[in-house]
Amino acid sequence: MSRSILRSVAVPLAAVILGLLIGAILIVSQNASPITAYSSLLQGGLGDGDALLRTLQKATPLIFGGLAVAFAFKAGLFNIGGQGQLLVGAVFAAAVGFGVDGLPMFIHLPAALIAGALAGAIWGGIAGALKATTGAHEVIVTIMLNFVGGNLTDWLSANPWKDNSGNNIVARTPLVEDSATIPTFGAIPVGFLLAVLTAAGCWMILERTTYGFEVRSVGQNRNAAHYAGIKVGWIMASTMAVAGMLAALGGAVESLGVDGRFEAGVNVGLGFEGITIALLARANPLGVIPAALLVGLMEAGASRMQFKAGVAPELIDVIQALILFFVAAPMIVRWLLRMRQGDSEQLRLGAGWGNS
Amino acid sequence: MKTHQRRLLWIAATLLIVLIWTFYSANGPQTTAVLAGTVRAATLLALGAMCGMIGERSGVVNIGIEGQFLMSAFFAFTVTSITGSLFMGAMAGIATGLTMGWMLAAMAVGLKVDQIIAGTVLNIGALGLTSFFYDRSRSLGVSKYTNIDLGALADLPLVGTVFFSRPPITYLTMALLVIVHIALFRSVWGMRTRAIGEHPGAADTVGIDVLRLRYLNVTLAGGFAGLGGSYLALEAVGTFSRAMSGGRGFLALAVMIFGRRNPFGAYAAALFFGFTTALQNHFQLNSVFDIPPQFVGMLPFVVTIIVVALSGLMGSMRDPAALGQTYEKG
């Protein structure tokens, strides 16, 4: 047991180190010091309470986004729709957050979160239901829904739900009420705790329930699952709805806990990072947490690294790509570490692509 | 293609021509502008779709088109800026695309990395590297590719402006569509390519080197995305900016599936997307209707969802059987 844990940690750890080493070469090529750069990156992400808060805040939507991709992967579905799902989640949570007042927090805050989650469930569910009923490729539909979601949330925040205070011309909603704001305990945002609990919940559902077993069966072999009496269509539709809900919760926490409102254009691109996180975590819901923390730490520290060492913050994107590459191609790492060829450690996702 | 599908296609084409003619008689300049915008917007999608299609026909999913576009656009721009030659820039773009294709092949075919992960590595890697090395003070230095009139053809009403007064990469794309179509469905290479995508085991039995052909095809396909990157930087925009591919690599994937993984189908799909984009720009510029621009902006994507769902119902979509699976010689 402990040996296999050691093994499953060795490759990602080595991948991170290799990624950072190659990143160091890039830093030197820019005439900067890698030691200053990395130490300021670490300081900016962990140095004090504020830094830790930033890291945890950055990691929160990444956990949700990673879960949204990982959960769908288990059913053999590729959810590229995290962006659209996150946006509708963010705007609907904000709408309930600012639109209702006079409620106590223990009703208002959950209501706002649920509103966001439901919007995301619908957004993801559309793709799943179409896949189940018409065979429409979920990759196309979720990509299209990203664009639709972007336009819809732009319109909502620029028209019916626009912040009309003062002379605001930006497409954004008013600030959410205090009773719908997610609190922070010291350096620990409650949204982060919610994300960790959700990840644990996903793991429980997938590994310890009948529903989870059915999801994994559909992911492994759709035809076999069908002949075993599993309602494949329902599993696909519901899995995508759950995935959409997860991504949307990330958006809702952004609106209610970080930004305090929804603003068009602020969350752009965040939804796509879930793909990286899920792949780093090898589609394991619990692995999503450390993967998101790592990326969150780098994102939180990037601006300090730029300030102290003069290194462009985009370096962390390059490092992420390198880490992902080394995680995905474990044979390189094994060769470097002189490790024995693992049994079935290679991650396989693409196989679910071709049997629509 | 079945007879009734063929008949349906003819009816649709005739209707389309009648419709365009009606609009053209009603308002010539506006119709021409929208249709020219359609062809302009379709080029990049068609190139991306061809890149995706050659890979998928051989059994390799490429979701890294977005990254291939971006990286190629970056090098096309930078090389043009340094050498002052658009041609050198375009070549650099193609070379970059081929290199990115080779990297995808090396990961997905050589190292047997999961294909979706390999594509994602290209996407984030390209975004990171181009942003990291992006130099804001650099400019293209020369003016971008301009329209070339094809002799008397360009003087034809409507069609002349729309198809025969275009910049060079657009012409090249149209030629490539025909070449790839013939190559895929009428050549030995095409037959082998489709064979390794449908049944690599059988292809292996008759002596086709599956891994080598996949390697070759995925690398080659990258060249199309590379041309797309050159188009983006040197013909469409005339500069480079961060993340300038803006999701169109993913859209190209949709265009490819929508067009049933054949070049003409993909071009039809690309034109359809181009049309909705052009129409949206037209509505916004001329405020034709009192519809919020965001809703016009949604139109192409909503229509695609509906069309994909409907054609799914008609059962006309099928992926190559071995798509996404690594091949182990057994």
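Above this note sits the structure.
All of the points below concern the structure found in this document.

Rules of the game
Within every chain, residues take consecutive numbers counted from 1 along the sequence as written. To label them, take the chains in the order written and letter them from A, then take the ligands in the order written and number them from 1. Local features are withheld for residues below a pLDDT of 70 in this predicted model, meaning they are given only at 70 or higher, and side-chain atom pairs are given and counted only at 80 or more; totals for whole chains, interfaces and linings count all residues. Comment: elements are numbered from the N terminus, with helices defined as DSSP H or I runs of at least four residues and strands as E runs of at least two. Each radius of gyration reported is based on C-alpha atoms, and the globular scaling rule is 2.2 Å times the count of residues to the power 0.38. Here a residue counts as buried when 20 or more other C-beta atoms sit within 10 Å of its C-beta, as exposed when there are 12 or fewer, and as partly exposed otherwise, the C-beta atoms being derived from the backbone. Working definition of a contact: two residues with C-beta atoms, positioned from the backbone, lying within 7 Å. One less than the number of residues in a helix, times 1.5 Å, gives the span that helix is expected to have. Two axes enter the bend calculation: one fitted to the seven residues ending at the residue in question, the other to the seven starting there, and the bend is the angle between them. Residues are grouped as follows: nonpolar covers Ala, Val, Leu, Ile, Met, Phe, Trp, Tyr, Cys and Pro; charged covers Asp, Glu, Lys and Arg; every other residue, Gly included, is treated as polar. Whenever a helix is involved, its axis is fitted only over the stretch in contact; in every case the axis is a line through C-alpha atoms, and angles between N-to-C directions fall within 0 to 180 degrees. The cut-offs work like this: below 35 degrees is roughly parallel, past 145 is roughly antiparallel, 65 to 115 is roughly perpendicular, and the gaps in between are oblique. Should the near helix be turned anticlockwise from the far one by less than a right angle, the crossing is left-handed, and should it be turned clockwise, the crossing is right-handed. Among buried residues, those of type Ala, Val, Leu, Ile, Met, Phe, Trp, Tyr and Cys that are joined through C-beta atoms within 7 Å form a set called a nonpolar core.

So, the overall build of chain B
Phase 1 of the analysis: Helices and strands together make up the secondary structure of chain B, namely 13 helices and two strands.
Phase 2 of the analysis: Radius of gyration (C-alpha) of chain B: 20 Å, near the 20 Å computed for a compact globule of 330 residues.
Phase 3 of the analysis: Structurally, chain B occupies a C-alpha span of about 65 × 55 × 40 Å along its principal axes.
Phase 4 of the analysis: The buried share of chain B, reckoned over its 330 residues, is 49%.

A look at the overall build of chain A
Phase 1 of the analysis: Along the backbone of chain A there are 14 helices and two strands.
Phase 2 of the analysis: For chain A, whose C-alpha radius of gyration is 21 Å, the value lies close to the compact-globule estimate of 21 Å for 356 residues.
Phase 3 of the analysis: For chain A, the C-alpha atoms occupy an extent of roughly 60 × 60 × 35 Å along the three principal directions.
Phase 4 of the analysis: By residue count, 58% of the 356 residues in chain A fall in the buried class.
Phase 5 of the analysis: Long-range contacts, defined as pairs at least 24 residues apart, comprise 79% of the intrachain contacts of chain A with a sequence gap of at least 6.

Some details on helix α10 (residues 232–259) of chain A
All names here are of chain A.
Phase 1 of the analysis: Across its 28 residues, α10 extends 39 Å between first and last C-alpha, which sits within 8% of the 40 Å expected from 1.5 Å per residue.
Phase 2 of the analysis: The largest bend along α10 measures about 25° and falls at valine 253.
Phase 3 of the analysis: Buried residues dominate α10, accounting for 23 of its 28 residues.

What about the interface of chain B and chain A?
Much of the literature gives interface size as the accessible area that the parts lose upon coming together.
Phase 1 of the analysis: Counting residues at the interface gives 44 residues for chain B, matched by 43 residues for chain A.
Phase 2 of the analysis: Within the residue set of the side of chain B that touches chain A, elements represented by two or more residues are α5 (115–133), α11 (248–258) and α13 (293–313) of chain B.
Phase 3 of the analysis: Looking at the side of chain B that touches chain A, its residues break down into 31 nonpolar, eleven polar and two charged.

Looking at the packing of helix α7 (residues 190–208) of chain A against α10 of chain A
In a pair of packed helices, the angle between the axes and the distance between the axes together describe the arrangement.
All names here are of chain A.
Phase 1 of the analysis: The interhelical angle for the contact between α7 and α10, taken along N-to-C directions, is 170°, at an axis separation of 10 Å. Judged by the inter-axis angle, α7 sits roughly antiparallel to α10. Here α7 and α10 pass one another in a crossing that is right-handed. Facing α7, whose interface residues are Gly191, Leu194 and Thr198, α10 presents Leu246, Leu249, Val253 and Gly257.
Phase 2 of the analysis: Considered class by class, the residues forming the contact of α7 with α10 number four nonpolar, three polar and no charged.

Some remarks on the environment of alanine 309 of chain A
Residue and element names in this part refer to chain A.
Phase 1 of the analysis: By the secondary structure assignment, alanine 309 is in helix α12 (residues 288–309).
Phase 2 of the analysis: Overall, alanine 309 belongs to the buried group, with 20 C-beta atoms counted inside 10 Å.
Phase 3 of the analysis: Note: C-alpha distance between alanine 309 and isoleucine 319 (ten residues apart in sequence) is 17 Å.

Focus on unusual backbone geometry
Phase 1 of the analysis: Although it is not a glycine, asparagine 31 of chain A adopts a positive phi angle of roughly 60°.
Phase 2 of the analysis: Its place among the elements puts asparagine 31 of chain A in the loop between α1 (2–29) and α2 (34–46).
Phase 3 of the analysis: In this structure asparagine 31 of chain A comes out as exposed when scored by C-beta crowding, with 7 C-beta atoms within 10 Å.
Phase 4 of the analysis: In this structure, lysine 112 of chain B takes a positive phi of about 55° despite not being glycine.
Phase 5 of the analysis: Along the chain, lysine 112 of chain B turns up in the loop between α4 (86–110) and α5.
Phase 6 of the analysis: With 18 C-beta atoms counted inside 10 Å, the residue lysine 112 of chain B sits in the partly exposed group.

Concerning the nonpolar core
Phase 1 of the analysis: Val288 and Leu324 of chain A together with Val255 and Ala270 of chain B are the most contacted members of the largest nonpolar core, which has 216 residues in total.
Phase 2 of the analysis: Top element by residues in this core is α10 of chain A. It accounts for 15 residues.
Phase 3 of the analysis: Residue contacts for leucine 324 of chain A: discarding those within four places in its chain leaves Thr276, Leu279 and Leu280 of chain A together with Ile117, Thr120, Val121 and Ile124 of chain B.
Phase 4 of the analysis: Listed in part, the five residues of the second largest apolar core include Ala195, Ile196, Ala203 and Val210 of chain B.

Side note on the packing of helix α4 (residues 82–99) of chain A against α10 of chain A
Residue and element names in this part refer to chain A.
Phase 1 of the analysis: Closest axis-to-axis distance for the α4/α10 pair is 6 Å, and the angle between their directions is 50°. Judged by the inter-axis angle, α4 sits oblique to α10. In the packing of α4 onto α10, the handedness of the crossing is right-handed. Of α10, the residues touching α4 (which contributes Gly82, Gln85, Leu86, Leu87, Val88, Gly89, Ala90, Ala93, Ala94 and Gly97) are Gly244, Ala247, Ala248, Leu249, Gly250, Gly251, Ala252, Glu254, Ser255 and Leu256.
Phase 2 of the analysis: Partitioning the contact of α4 with α10 into residue classes produces eleven nonpolar, eight polar and one charged.

Points about helix α13 (residues 315–328) of chain A
Phase 1 of the analysis: For α13 of chain A, spanning 14 residues, the distance from its first C-alpha to its last is 20 Å, which sits close to the expected 20 Å at 1.5 Å a residue.
Phase 2 of the analysis: α13 of chain A sits mainly inside the fold: 14 of its 14 residues count as buried.

Considering the environment of isoleucine 35 of chain A
Residues and elements named next belong to chain A.
Phase 1 of the analysis: Summarising the element assignment, isoleucine 35 is placed in helix α2.
Phase 2 of the analysis: Note on isoleucine 35: 11 C-beta atoms within 10 Å, which makes it exposed.
Phase 3 of the analysis: Along the primary structure isoleucine 35 and alanine 24 are separated by eleven residues, whereas in three dimensions their C-alpha atoms are 8.3 Å apart.

So, the environment of glycine 76 of chain A
Phase 1 of the analysis: Here glycine 76 of chain A is to be found in the loop between α3 (49–74) and α4.
Phase 2 of the analysis: In this structure glycine 76 of chain A comes out as buried when scored by C-beta crowding, with 26 C-beta atoms within 10 Å.

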